[in-house]
Amino acid sequence: ITRQVVGDKNPKTAAMVQNMMKEGAVEALRKCFSSRMEFGTAGLRAAMGPGIACMNDLTIIQTTQGFCRYLEENFGNLKERGVVIGYDARAHPTSGGSSKHFSSLAAAVFISQGVPVHLFSDITPTPFVPFTVSHLGLCAGIMVTASHNPKQDNGYKVYWENGAQIVSPHDKGISKAIEENLEPWPESWNSEEALKNPLLKDPYQDIHREYFKVIQKHCHHRYSQHTVKIVHTSVHGVGHAFVQSAFKAFDLRPPYAVEEQKDPDPEFSTVKYPNPEEGEGVLTLSFALAEREGATVVLANDPDADRLAIAEKQESAQWRLFSGNELGALLGWWMFHCWKQQNSDAAAVKNLYMLSSTVSSKILRAVALKEGFHFEETLTGFKWMGNRARDLLDQGKTVLFAFEEAIGYMCSPSVLDKDGVSAAAIAGEMIAYLTTKNTNLSQQLATIYEEYGYHICKNSYFICHDQNVICSLFERLRNYGGQKDSYPTKCGRFSISAVRDLTTGYDNNQPDNKAVLPTSSSSQMITFNFSNGGVATMRTSGTEPKIKYYTELCAAPGNSDVKHLKKELDDLVDAIVENFFEPQKNKLQPKPE
């Protein structure tokens, strides 16, 4: 601890440690110093504060030194091409940490080694970083953000030269290089000097202009005269100005901004959690503004504007918040509808791809089957979709759309990650189009389900802090009924038609029983297919003490008894909880209401 305090040139974090030592706060010190943050495929995410377990000046410098060395090993032309660094508006006054400050320290590390750095001079949405990597042909990108995490957190997200988030083995390589470069290089602290260095460039104006020019390719209708009223909230994050610009680029009427939430506020003063996925609580002010202005749709970004939530006022005057899967269906339908209008060549559809993560709705698979394009699923997380999209684009394919159920959408291949800014403008145009047809999002969603088959989802989780319980729960499913390497064939009254286990690599839907998707023995994930069209995945979370489940009932077109389908899915979920989770026996806590 003394070594860390001596090595830390930030007086605020050093003072925090000295106070903890004075007060004998052993538990707090242990939390900060017991183990280093793990650098994974999602980079880093942790609380801001002192110690190797937290985000602070020293750990940012150490991480960047390791990343810099790893890039030098991988790219002979790193000093010609360089890197981009972006940041959001997070700040933690107590420890003196902030995204902007961390990004200038990261820039100083690279500049000290003669590497050119494109450092944004102001906050940007996360998607601007992968866009810049691709647009300028850089070796890598770093975004300092904790996305929708609580206010005390920050993060360090990394993109490779292909414009997608890193995947294995880069995480291991970077992690090893960090461990080998813990001693700060003398120049790494000189962020003020670095900001004056000719190797530092500000890409802000150029990227701002180019990004909005590029996303205009996805604007097909130009509803400049149309007056559909939409409310937008950026939930105290970076999104406000960028969504306004995106609507302008699409010639759409600017959305009404929620005044109390439009400017960045690291305290997130009006919301308990800055996560639009959490639902109505985050949107209370948006609904109030919509009522005052007579708007019928609310768009919400998370604080780094890479995700998008949408709610619509119903005839009953209630607001309906769409799930990520429902928005995936709507945006996927819209992207294909627009593509079809512009491509009369029937053969072109064979070159077209849509992607979604394996725990997301299979609605796009149903659309693809009927319309003749390709649908692929990837592992959970946009890093997998981004990398797969890059492979397909390199083969000359068209990747039209990708989504994950956690309200993430990639509507343009110029950003190989989720992007809530382009998705907001594209949704705005879809809403304007539907209004001209005297219909709305809810009715259009029902139309999609009527045509391609109802896809009804139910996702939730249990909390479990005991790794042994989690392990034995999954091992029981692999050795069901006491039979070694034998999976269940029934769950209550529901019969199981196929099992895929991405922890072990088993998939009895494949000719050789080997799963096609990559497997990872360090995380738990089993998918069951049921004879009634149900699909259920059980998996552990990489970042939280949760066992999550994702279930969906995929009905054939024409089966539109929604009440019956919902009851069937409810019964299936009850059976899975009772037979596979066994919450009483395993002392699992249900998701808090």
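On a predicted model such as this, the values are computed, not experimentally measured, just so you know. (Residues numbered from 1 in each chain as written. Predicted model: local features only at pLDDT ≥ 70, side-chain atom pairs only at ≥ 80, totals over all residues. Heavy atoms only, no water.)

Regarding the packing of helix H13 (residues 324–342) against helix H14 (residues 363–371)
- The interhelical angle for the contact between H13 and H14, taken along N-to-C directions, is 25°, at an axis separation of 9 Å. With respect to their mutual orientation, H13 and H14 come out roughly parallel. Of the two elements, H13 crosses H14, and the hand of that crossing is right-handed. Two secondary-structure elements touch here, H13 through Gly-328, Ala-329, Gly-332, Phe-336 and Lys-340 and H14 through Ile-363, Leu-364 and Glu-371.
- Partitioned by chemical class, the residues of the contact of H13 with H14 number 4 nonpolar, 2 polar and 2 charged. (Axes fitted to C-alpha atoms, helices over the stretch in contact; angles between N-to-C directions. Helix = DSSP H or I, 4+ residues; strand = E, 2+ residues; numbered from the N terminus. Parallel < 35°, antiparallel > 145°, perpendicular 65-115°, else oblique. Left-handed = near helix turned anticlockwise from the far one by under 90°. Contact = heavy atoms within 4.5 Å. Nonpolar A, V, L, I, M, F, W, Y, C, P; charged D, E, K, R; others polar.)

Details of the UniProt feature "domain: Alpha-D-phosphohexomutase alpha/beta/alpha" (unreviewed entry) in the protein chain
- The UniProt record marks residues 37–182, 214–313 and 324–452 with the feature "domain: Alpha-D-phosphohexomutase alpha/beta/alpha" (unreviewed entry), using the residue numbering of this structure.
- Helix makes up 38% of residues 37–182 and strand 19%, with an end-to-end C-alpha separation of 13 Å.
- Between the first and last C-alpha atoms of residues 324–452 the distance is 18 Å; the span itself is 54% helix and 16% strand. (UniProt positions renumbered as here; feature names shortened; annotations may be inferred.)

Comments concerning the sheet that holds strand E5 (residues 117–119)
- A sheet is described by the order of its strands in space; here 6 strands give the open sequence E1-E7-E6-E2-E5-E8, paired in mixed fashion. With one partner strand each, in any of the chains shown, strand E1 (44–47) and strand E8 (200–201) form the two edges of the open sheet.
- For strand E6 (residues 140–144) and strand E7 (residues 153–159), the ladder comprises 4 bridges, and the chain directions are antiparallel. Opposite Ile-142, over in E7, you have Val-158 as the bridge partner.
- In the packing of helix H6 (residues 99–112) onto the sheet, the strands contacted are strand E2 (83–87), E5, E6, E7 and E8, and the crossing angle to E2 comes to about 165°. (Pairing = 2+ DSSP bridges.)

Brief notes about the packing of helix H2 (residues 11–23) against helix H3 (residues 26–33)
- The geometry of H2 relative to H3 is characterised by a closest axis approach of 8 Å and an angle of 140° between their N-to-C directions. Residue-level inspection shows Val-17, Met-20 and Met-21 of H2 in contact with H3, the latter providing Ala-28, Leu-29, Cys-32 and Phe-33.
- Grouping the amino acids of the contact of H2 with H3 by side-chain chemistry returns 7 nonpolar, no polar and no charged.

Considering the packing of aromatic side chains
- Tallied over the entire structure, the rule returns 26 aromatic pairs.
- On the basis of an interplanar angle of 20° and a centroid distance of 6.1 Å, the ring pair of Phe-401 and Phe-403 is categorised as stacked.
- On the basis of relative accessible area, Phe-401 is assigned to the buried category, the value being 0%.
- Taken together, Phe-120, Phe-128, Phe-131, Tyr-204, Tyr-211, Phe-212 and Phe-242 form an aromatic cluster joined through their ring pairs. (Phe/Tyr/Trp six-rings, centres within 6.5 Å; stacked < 30°, edge-to-face > 60°. Buried < 20%, exposed > 50% of the residue type's maximum accessible area, 1.4 Å probe, protein only.)

Description of the domain arrangement of the protein chain
- Its domain assignment divides the protein chain into domain 1 (1–201), domain 2 (211–320), domain 3 (325–331 + 343–452) and domain 4 (454–590).
- Distance from the C-alpha centre of domain 3 to the C-alpha centre of domain 4: 25 Å.
- In this assembly, 20 residues from domain 3 lie in contact with 18 residues from domain 4.
- Regarding the contact of domain 3 and domain 4, the summed buried area is about 1500 Å², with carbon and sulfur atoms giving 58% of it.
- When the area that domain 3 buries against domain 4 is broken down by residue, the three leading residues are Val-359, Leu-379 and Tyr-449, summing to 33%.
- Where domain 3 packs against domain 4, one counts 1 salt bridge.
- Of the charged contacts, one joins Glu-377 and Arg-500 as a salt bridge, the two residues approaching to 3.0 Å between their closest N and O atoms. (Domains from an automatic or database assignment. Buried area = accessible area lost by both parts, 1.4 Å probe. Salt bridge = Lys/Arg side-chain N within 4 Å of Asp/Glu carboxyl O.)

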